[in-house]
2 protein chains.
Amino acid sequence: MSNNQFKRGELYSVINGMATTAVARRLQKNFRNAGLEITIEQWSVLYHLWKEDGLSQLELGNRTFRDKASTTRLIDNLEKQELVTRIASKDDRRINLVYLTDTAKPLQQITYELANKTMNESLQNISKEEIEVVKNVLQRVYDNLTNKDLV
Amino acid sequence: MSNNQFKRGELYSVINGMATTAVARRLQKNFRNAGLEITIEQWSVLYHLWKEDGLSQLELGNRTFRDKASTTRLIDNLEKQELVTRIASKDDRRINLVYLTDTAKPLQQITYELANKTMNESLQNISKEEIEVVKNVLQRVYDNLTNKDLV
DNA sequence: GACATATAGTTAGTTATGCAACTAATATAA
DNA sequence: TTATATTAGTTGCATAACTAACTATATGTC
């Protein structure tokens, strides 16, 4: 069909996404070593709230590539740790708007630094041009799989 | 420190590995649509056994980038489905060698086809050269994070 | 041989994932 | 305005991840 076939022996290493998994693990380790109790999944939610506070659960799910059930539990856990609060929208009471608490705010600076540190560790000896190609290709892969229905 | 910093706004999309996640989800969906009951994680183990049957659990963990606890459960589930069996090594009874059953064998052909189909769907309009760059960079990222101790 | 150490695998505990079925609130149509 | 459909979020169920503590077997040293 397409002409872009991986050799079979290489299929798994690509699908597995070992590199991105390793980056996530390293970031988690860097959080833990700094005494931060949050998971990277929780951080991914906080990250988007620091950019724009008061998003709905559905919107947070979209931005972090999760379904709504996963988003619900993640926010449950963030609420348990008192890092966010749910506030029902005045306009539409089906919607929960998620807001950062004062506890969450000081985490922004330190976690950004740890994320940058992690990226530096990951990207040693990799050129800006290569990074651009990777980002671009991963985005196109993502678009290939989400912008059309399953055949 | 390094000169390869992502802009903050781009950090998450890279760390999250959205593309590889999307590929994994699509492969899972393609399995399900074909009536196959296995998860992609289970498939990743079968994949390595089809290449070389009778690996130890530890070796399977290494090849699929999992720790031993995760490998144990995955093989528990594969055994429940009667796709593999554990046989204690004669030489060292600590070691479980994992073997494919006759039930697993016919899955190889169909799952390889579905994996190739998934890769074709994912890699539409992406050139061989770009794919080479991505594979190379991801490998180097992985090496950066695993070939040395945490700072 | 006896004791300490290392290794392979298991188990417990916590978090996270996805799907499917459900509730509650809103929007649409008759 | 009442019945129907859609939407946002929750819950149940199953799988999977990692860490830490554990068991059993092997190895190494005295």
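The structure this text deals with has already been given above.
What comes next concerns the included structure. Chains are numbered independently. Their residues run from 1 in the order of the written sequence. As they are written, the chains are lettered A onward and the ligands numbered 1 onward, keeping that order. For a predicted model such as this one, the threshold for reporting local features is a pLDDT of at least 70, and the threshold for listing and counting side-chain atom pairs is 80 or more; totals across whole chains, interfaces and linings nevertheless cover every residue. Values shown for side chains rest on all heavy atoms present in the structure; no hydrogens or waters enter the calculation.

Quick word on the pattern of salt bridges
Alright, step 1. Whenever a carboxyl oxygen of Asp or Glu lies within 4 Å of a side-chain nitrogen of Lys or Arg, that contact is scored as a salt bridge. Per the counting criterion, the structure on display carries 20 salt bridges over all chains.
Alright, step 2. Of the charged contacts, one joins Asp102(A) and Lys105(A) as a salt bridge, the two residues approaching to 3.5 Å between their closest N and O atoms.
Alright, step 3. One salt bridge connects Arg26(B) with Glu121(B), and the closest N-O pair in it is separated by 2.9 Å. Highlighted residues: Arg26(B) in helix H2 (residues 18-33) and Glu121(B) in helix H6 (residues 107-122), separated in sequence by 95 residues. With respect to burial, Arg26(B) and Glu121(B) carry one shared label: buried.
Alright, step 4. Overlapping salt bridges, with partners in common, bring together Arg26(A), Lys117(A) and Glu121(A) in one network. Helical segments are the DSSP runs of H or I of at least four residues, strand segments are the runs of E of at least two, and each set is numbered from the N terminus. Any residue under 20% of the maximum accessible area for its type is buried, any over 50% is exposed, and the rest in between are partly exposed; the area is computed with a 1.4 Å probe on protein chains only.

Topic: the protein's contact with DNA strand C
Alright, step 1. For this purpose, a residue is taken to be near a molecule or strand whenever a single non-hydrogen atom of the residue falls within 4 Å of it. Inspection of the region around DNA strand C gives 26 residues, with Thr39(A), Arg66(A), Asn77(A), Arg25(B) and Gln57(B) positioned closest.
Alright, step 2. What you see for DNA strand C is that sugar and phosphate hold 65% of its atoms within 4 Å of the protein.
Alright, step 3. At 3.5 Å, a side-chain N or O of Asp67(A) approaches a phosphate oxygen of DNA strand C.
Alright, step 4. As used in this structure description, the phrase polar contact means that two N or O atoms lie within 3.5 Å; if the pair is within protein, one of them must be able to donate a hydrogen and the other to accept it, and residues adjacent in sequence are counted only when both atoms belong to side chains. Separating a phosphate oxygen of DNA strand C from a side-chain N or O atom of Gln57(B) is a distance of 2.7 Å.

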